[in-house]
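What follows is the residue order along each chain.
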Amino acid sequence: MGDTLEFNEIYQESKGSWNDGRLRFSKQNVVYKSNKTGKVDSISAAELSQATWRRVCLGHGIKLATSAGHVYKYDGFRDTDYEKISEFFKANYKVELAEKDMCVKGWNWGTAKFSGPLLSFDVNDSSVFEIPLASVSQCATGKNEVTLEFHQNDDAEVSLMEVRFYVPPGTADEGADPVEAFAQNVLSKADVIQATGDAVCVFKELQCLTPRGRYDILIYPAFLHLHGKTFDYKIPYTTVLRLFLLPHKDQRQMFFVISLDPPIKQGQTRYHFLILLFSKEEELRLTLNMNEEEVEKRYEGKLSKNMSGSLYEMVSRVMKALVNRKITVPGNFQGHSGAQCITCSYKAQSGLLYPLERGFIYVHKPPVHLRFEEISCVNFARGTTTTRSFDFEIETKQGNQFTFSSIEREEYGKLFDFVNAKKLNIKNRGFKEGKNNEYSDSDDDQHDAYLERMKAEGKIREEGDGSDDSEGETDESFNPGEESDVAEEYVRALHLSLSFSSFISTHFPASLLVGWLSYLPPLSQKKQKDANAPKRPMSAYMLWLNSSRERIKAENPGISITEISKKAGEMWKQIGKEDKEEWDGKAEEAKRNYERAMKEYRESGGVSSADNKKKPGGKKEDKKRKSSGGEKEKERGGGNDSFKSREFISSEESSSDGERKKAKKPKGGKPKPKSKVWRCHSDNQ
């Protein structure tokens, strides 16, 4: 037999809901880890006092009891597991695994026994059912009845609300009422929050993000009391799952997050996380409402009677001591901005995503905590509206998907390296290692990998579709060699607009755009500028750059052209206001000289190519003049009978050319003269 025994798919009951997990028996302890919450229960081998094997609803189960009075129940074992577990317990724990049958008679009359944290209802010394008293939320008494109400679990499809016990009248110990005695036994172990005595300490008006508002936090030995203007919450320390201390991105504030299971409730709203926000600059002097000996005895040096420091440090220190759980802080991850978190959006709210050593946590609306153990895979997806951001998708083993969107493009490399180091399954890993890297850490902001991939797909499509038949076909309605009614400027603007990746990725699929681009008329060669036209004036920055270029080269030998531009931009920002005004004046003077020279140039009869469209003798005017001259000649000449002006109205019903030709030469005589009506049109008609 080995040193350990491990079992998967072992269930533990939690307030009416069965949670699966893994159970491991070792020589030192018994460890159970829940797959849902990640909570770990550890039982030392020295504390184990009793073990019972019995048949339960999910097969066979084990009930373990400790010397301190705690009871743990695990279900989901097979009948064949009894022998090896029994031998392991005898060899390592010196405890015999006893078999015990449950009573299935269905009687409702028996004996109630209180054994530690359990209320057992027995018939003929066999248990019918057991009630964990920690699940009792309220205990009410009547004349001969005791009513137990239970905490509800949102994950349970069917919940037990209450149980009523009829206590017959009889003589109790020392003449006490048997109903009251029964109720006191229940309340002594029940999870009923009663504020008895003074609070250990009080924190006044702390800013709470979830639930929102200002709350006074009263720290009691067994629970936490949130007192607000509208609502009050009492949180037992047994429901606290984890504690987080997270620095804000501005480095001036701190988040303190308390994970709760089960959550606190207000109507139909459930709060699984309690989020407090603190300022780092806020200080506090705290005095516990206990003497020094009691503080030392109860908290074993974790707390002292008088403490001082930052407010968030005091709250986290007190919570750590009372809850007896470690505080989780961010690990070695550092984003592009130097912070330990990433700004992103989840659903409709913007927040911060913290990569931790064992999971991710998002604050604050709604808070999300995802452990690496429950993550199936992650995916780096392209942003829907812009190329300067991307989405980070997390899919859990239960099939749920969480999408954190609008993450800055510069954070991609840091986040990818972190996920890769944690050995998480990445869906699109090939894009990182391949040639088509959509989110490479390139310094060129103009590079668009999505557009490059689209162009490559279009090229492959053209090569596949390029056959002799398709090359021979032409579009009769369009001939690139001739003048087109489509303005050249419109075609050029359309080509440029389609090159922007944001327009392409947002409105059109790649396959459709490839077809559209093939029908666009090719751009004609750029028209040459008139060499005699005055040159446009330079801006103040360009004037300064031309005068300072040689000095920058001399101060930075071997500098490249790109680096000169970057260096010049930095130097221009540092120039004083007076110097900039001087260069602005020079730029204004150059602009006035340009306007004056341009005016003289136009008056002298020379027009630049840029103004060719406005020239009276331009191509468009010439073409218009030619067409109008031809119309006038047609109006003057009577040789073309088919021409008619817009004012002409024929008296015939049919105006087709074929019928008019028949009307010209009737049989047996001369054609009948046509009657013409000329009308003068005015704007008033």
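Rules used throughout
Residues numbered from 1 in each chain as written. Predicted model: local features only at pLDDT ≥ 70, side-chain atom pairs only at ≥ 80, totals over all residues. Heavy atoms only, no water. Helix = DSSP H or I, 4+ residues; strand = E, 2+ residues; numbered from the N terminus. Buried < 20%, exposed > 50% of the residue type's maximum accessible area, 1.4 Å probe, protein only. Contact = heavy atoms within 4.5 Å. Areas by Shrake-Rupley, 256 points an atom, 1.4 Å probe, with all protein chains shown as cover. Pairing = 2+ DSSP bridges. Axes fitted to C-alpha atoms, helices over the stretch in contact; angles between N-to-C directions. Salt bridge = Lys/Arg side-chain N within 4 Å of Asp/Glu carboxyl O. Left-handed = near helix turned anticlockwise from the far one by under 90°. Nonpolar A, V, L, I, M, F, W, Y, C, P; charged D, E, K, R; others polar. Patch = residues over 30% accessible without salt bridge, like charges linked within 9 Å, V, L, I, M, F, W, Y side chains within 5 Å. Lys, Arg positive; Asp, Glu negative; His and termini not counted. Charge placed at Lys NZ, Arg CZ, Asp CG, Glu CD. Parallel < 35°, antiparallel > 145°, perpendicular 65-115°, else oblique. pLDDT = per-residue confidence, 0-100. Phe/Tyr/Trp six-rings, centres within 6.5 Å; stacked < 30°, edge-to-face > 60°. Core = buried A, V, L, I, M, F, W, Y, C linked by side-chain atoms within 4.5 Å. Expected span 1.5 Å × (residues − 1). Arc of directions from axis to C-beta.

Caption draft 1: Representation of the overall build of the protein chain within the structure. From N to C terminus, the protein chain includes 16 helices and 33 strands. When the 685 residues of the protein chain are sorted by exposure, 35% land in the buried category. Put simply, of all contacts in the protein chain between residues at least 6 apart along the chain, 47% involve residues at least 24 apart. Counting only carbon and sulfur atoms, one obtains 47% of the accessible surface of the protein chain, whose full area is about 44200 Å².

Caption draft 2: Focus on the sheet that holds strand E31 (residues 401-408). The antiparallel open sheet is built from seven strands, whose spatial order is E28-E27-E26-E25-E31-E30-E29. Where the open sheet ends on each side, the last strands, each with one partner, are strand E28 (368-371) and strand E29 (375-382). Looking at each pair of strands side by side, their axes are set apart by 30° on average, direction ignored. Bridge count between strand E25 (residues 342-346) and strand E26 (residues 349-355): five bridges; the pairing is antiparallel. By the bridge assignment for E26, Cys344 is matched with Gly351.

Caption draft 3: Inspection of the pattern of salt bridges at higher detail. Scanning all chains against the criterion turns up 13 salt bridges. The partner of Arg54 in a salt bridge is Glu130, with the nearest N and O atoms 3.4 Å apart. With Arg54 in strand E5 (residues 48-56) and Glu130 in strand E11 (residues 126-132), this residue pair connects regions lying 76 residues apart in the sequence. Each member of the pair Arg54 and Glu130 is classed as buried. The salt bridge involving Lys113 is made with Asp122; its shortest N-O contact spans 3.6 Å. Overall, the relative accessible area of 38% leaves Lys113 in the partly exposed class. Counted as one network, the salt bridges with shared partners bring together Lys33, Arg371, Glu373 and Glu374.

Caption draft 4: Inspection of the packing of helix H12 (residues 540-555) against helix H13 (residues 561-574) at higher detail. Interaxial distance between H12 and H13 falls to 10 Å at its minimum, and their mutual angle equals 115°. H12 and H13 meet at a crossing whose hand is right-handed. Facing H12, whose interface residues are Ala540, Tyr541, Trp544, Leu545, Arg549, Arg551, Ile552 and Lys553, H13 presents Ile564, Ser565, Lys567, Ala568, Gly569, Met571 and Trp572. Its residues assigned to classes, the contact of H12 with H13 comprises nine nonpolar, two polar and four charged.

Caption draft 5: Layout of a positive patch on the surface. A surface patch of positive charge is lined by Lys302, Lys320, Lys326 and Arg358. Mapped onto the secondary structure, Lys320 falls in helix H4 (residues 311-323). The exposure class of Lys320 is partly exposed, given its relative accessible area of 44%.

Caption draft 6: Representation of the environment of Met290 within the structure. Relative to the elements of secondary structure, Met290 occurs in the loop between strand E22 (283-287) and helix H3 (292-299). It is 9.4 Å that separates the C-alpha atoms of Met290 and Ala199, two residues lying 91 residues apart in sequence.

Caption draft 7: Here's a closer look at the environment of Glu282. With respect to the helices and strands, the residue Glu282 is situated in the loop between strand E21 (269-279) and E22. With residues near it in sequence (within four places) discarded, Glu282 still touches Gly309, Ser310 and Leu311.

Caption draft 8: The arrangement of the packing of H12 against helix H14 (residues 577-603) in detail. Interaxial distance between H12 and H14 falls to 8 Å at its minimum, and their mutual angle equals 105°. Here H14 runs roughly perpendicular to H12, going by the angle between their axes. Contacts between H12 and H14 involve Ala540, Leu543, Trp544 and Ser547 from the first element and Trp583, Asp584, Lys586 and Ala587 from the second. Of the residues that constitute the contact of H12 with H14, the class distribution is five nonpolar, one polar and two charged.

Caption draft 9: Representation of the confidence of the model for the protein chain in the model. Looking at the protein chain as a whole, its pLDDT mean stands at 76, while 71% of the residues score no less than 70. Considering each helix and strand of the protein chain separately, the mean pLDDT is smallest for helix H8 (residues 468-472), with a value of 40, and largest for strand E27 (residues 359-363), with 94. The low-confidence segment residues 466-486 (pLDDT under 50) makes six contacts with residues lying over four places distant or belonging to another chain. Every residue in residues 630-657 is under pLDDT 50, and counting partners more than four places away or in other chains gives 17 contacts.

Caption draft 10: Just the packing of aromatic side chains, in detail. Tallied over the full model, the rule gives 34 aromatic pairs. Considering the side-chain rings of Phe114 and Phe182, the 5.3 Å spacing of their centres and the 70° angle between planes classify their relative orientation as edge-to-face. You can see Phe114 sitting in strand E9 (residues 111-115) and its partner Phe182 sitting in helix H2 (residues 178-189), a full 68 residues away along the chain. The exposure class of Phe182 is buried, given its relative accessible area of 10%.

Caption draft 11: Main features of the nonpolar core. In this structure, Phe203, Ile219 and Leu224 are the most contacted members of the largest nonpolar core, which totals 40 residues. The element best represented in this core is H4, accounting for nine residues.

Caption draft 12: Focus on H2. In this model H2 runs 18 Å from its N-terminal to its C-terminal C-alpha over 12 residues, within 8% of the 16 Å that 1.5 Å per residue would give. Listed as buried for H2 are Val179, Phe182, Ala183 and Val186. Axial view of H2: buried residues confined to an arc of 95°, hence all on one face. For H2, the secondary structure elements touched by its buried residues are E9, strand E10 (118-123), strand E12 (136-141), strand E13 (145-150) and strand E14 (162-166).

Caption draft 13: Quick peek at the pairing of strand E30 (residues 389-396). Taken across its eight residues, E30 has seven buried, putting it largely inside the fold. When E29 meets E30, the two strands line up antiparallel, connected through seven bridges. Following the sheet pairing, Ala381 is matched in E30 by Asp391. Bridge count between E30 and E31: six bridges; the pairing is antiparallel. The residue of E31 that forms the bridge with Phe392 is Phe404.

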